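A look at the structure
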Amino acid sequence: MWGGRFASGPSAIMREINASIPFDKALWRQDIAASKAHVAMLAAQGIVSAEDAAAIAGGLDAIAGEYEANGVPENWDLEDIHMVTESRLAELIGPAAGRLHTARSRNDQVATDFKLWVRDAIDQADAGLQALQVALVTRAGEHAASIMPGFTHLQVAQPVTLGHHLMAYYEMAARDRSRFADCRARLSQCPLGSAALAGTGFPIDRDATAKALGFDAPTRNSLDGVSDRDFAIDYLMAATQTSLHLSRLAEEFIIWASQPFGFVTLPDSLSTGSSIMPQKKNPDAAELVRGHSGRIVGALTSLLVTMKGLPLAYSKDMQDDKVPVFEAAGLLTLCLAAMTGMVEGATFRTERMRAAAELGYATATDLADWLVRQANIPFREAHHITGAAVKLAESRGIALDALPLADLQAIDARITDAVFAALSVDASVASRASYGGTAPEQVKARVADARVALGLE
């Protein structure tokens, strides 16, 4: 490949540290597509003959068939997917294969292939997020009025509905999809034709190759074209944020599935048992989603540190850009599928959820709000009165709405028996009817909006 400049071949150490074929073989589909677009443009521009271009295109199709059937051979002497493919092309069609690399370099070739791969990964992530959203919206619709405790600091705060809780994750997934969409829009400039770093003296048509590969336009600066990896960092940032959201949802299921909570029974297909304790049903899939988020964060950190301080244009450090992206994409796909299956297959124990909401003094705020509305008491004073009522109920081990009226009036004479209509969890939830609130009517409205946005209606 480059032996004309060197008197001897690389050492065994150099061969091993330099070869990227064990991982960049994942780019073979994108490499074939970009090479076919490139040679078609070369023929259209009269840079190579139509006959050679046809032979090259046919050879590339044959190689794609071989890779599809048998995988990509790992020839470390050829270093990477680009040279493995070019070498095989020469075996198939002879010297004409050498014309394929006219007016391009491995620098713009790999940048183009990698962009195409990341674009496909974005589309896969978006499809996975959409499937998760559909699952969340479906279950939220089923439980628009199912009452559960809402938490702050993992302490019972106010009653909410399960549907409202699930729709919070729908909104997170919507933001994740928007981040991937932004990443896809920004990467839509084609590096092919930037050559090694300075462009080329051949009369190429970069607009043609960009269009053939589905990009909006060619990159505007050849130095940036070969050295840019912002698109990979953008992808990892979006993947990291998505993984954090998935980890939060996984943590909820882990807590809810524990015996003290008992809010949910997870599907057997996404749980495991114990080698010693036959009663165990462990939420291992959820725990692995939670754990995998750390690996995705690590992938982002790895690429950020790799790219920090690299001078223009290409440096061999950038060979290490692919492994973290490939790993993160595989983990993200798996985590999205696992959490979608968990949402779809979970059995929510709504009676346990309701009981927990009723026992946690979750309607204390409703008592304070009632005092403000009905007795015209400033909120800070109402907050103090309510705190005394909660303390009394807690000392007796009863719910707030189980306190006798006389005891409430002993705390503040302005309390009347009308207060009890506001102290049930049903009344509390129904009263939170502001836009985006937890009232069942609001949850149903947001579910309806989401179903339209997802194309389900």
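Presented here is a report on the structure given in the accompanying data block.

Thresholds, definitions, all that
Residues numbered from 1 in each chain as written. Predicted model: local features only at pLDDT ≥ 70, side-chain atom pairs only at ≥ 80, totals over all residues. Heavy atoms only, no water. 1 Å grid on protein atoms, 1.4 Å probe; cavity = no way out; pocket = protein on both sides within 12 Å on 5 of 7 lines; lining within 4 Å. Points joined across faces, edges and corners; volume = space filled by probe spheres on them. Helix = DSSP H or I, 4+ residues; strand = E, 2+ residues; numbered from the N terminus. Nonpolar A, V, L, I, M, F, W, Y, C, P; charged D, E, K, R; others polar. Contact = heavy atoms within 4.5 Å. Phe/Tyr/Trp six-rings, centres within 6.5 Å; stacked < 30°, edge-to-face > 60°. Buried < 20%, exposed > 50% of the residue type's maximum accessible area, 1.4 Å probe, protein only. Lys NZ or Arg CZ within 6 Å of the ring centre and 35° of its normal.

Let us look at empty space enclosed by the protein. This model, assessed by the stated rule, comprises two cavities of 30 Å³ or more. Here the largest cavity defines a volume of roughly 60 Å³. Surrounding the largest cavity, Leu 129, Leu 132, Tyr 169, Met 172, Ala 173, Asp 176, Thr 242, His 245, Leu 246 and Leu 249 form its lining. Secondary-structure elements contributing two or more residues to the lining of the largest cavity are helix 6 (106-142), helix 7 (162-186) and helix 10 (230-257). Residue composition of the lining of the largest cavity, by class: seven nonpolar, two polar and one charged. One number sums up the size of the second largest cavity: a volume of about 30 Å³. Residue lining of the second largest cavity: Phe 151, Leu 154, Glu 252, Ile 255, Trp 256 and Phe 261, and that is the complete set. Sort the elements by how many residues they give to the lining of the second largest cavity and helix 10 lands first, with three residues. Grouping the constituent residues of the lining of the second largest cavity by class yields five nonpolar, no polar and one charged.

Quick look at the environment of Ile 63 now. Within the element layout of this structure, Ile 63 appears in helix 4 (residues 50-70). Taking the C-alpha atoms as reference, Ile 63 lies 7.4 Å from Arg 88; in sequence the two are 25 residues apart. Beyond its immediate stretch of four places on either side in the chain, Ile 63 contacts Ile 32, Thr 85, Arg 88, Leu 89 and Leu 92.

Within the structure shown, the criterion is met by ten aromatic pairs. With a centroid separation of 6.3 Å and an interplanar angle of 85 degrees, the aromatic rings of Phe 114 and Phe 326 are classed as edge-to-face. Taken together, the residues Phe 114 in helix 6 and Phe 326 in helix 12 (residues 322-345) connect sequence positions 212 residues apart. With a centroid separation of 6.3 Å and 35 degrees between ring planes, the pair formed by Phe 253 and Phe 348 is classed as tilted. Residue Phe 253 is found in helix 10, and its partner Phe 348 is found in strand 6 (residues 347-348); the two are separated by 95 residues along the sequence. Phe 348 matches Phe 253 in its accessibility class, with the two residues each being buried. Put simply, the rings of Phe 151, Phe 253, Trp 256, Phe 261, Phe 263 and Phe 348 pair up and form one aromatic cluster. The ring of Phe 215 is capped by Arg 119, whose NZ or CZ atom sits 5.1 Å from the centre of that ring. In this structure, Lys 322 is placed above the aromatic ring of Phe 114, and the distance from its NZ or CZ to the ring centre is 5.6 Å.

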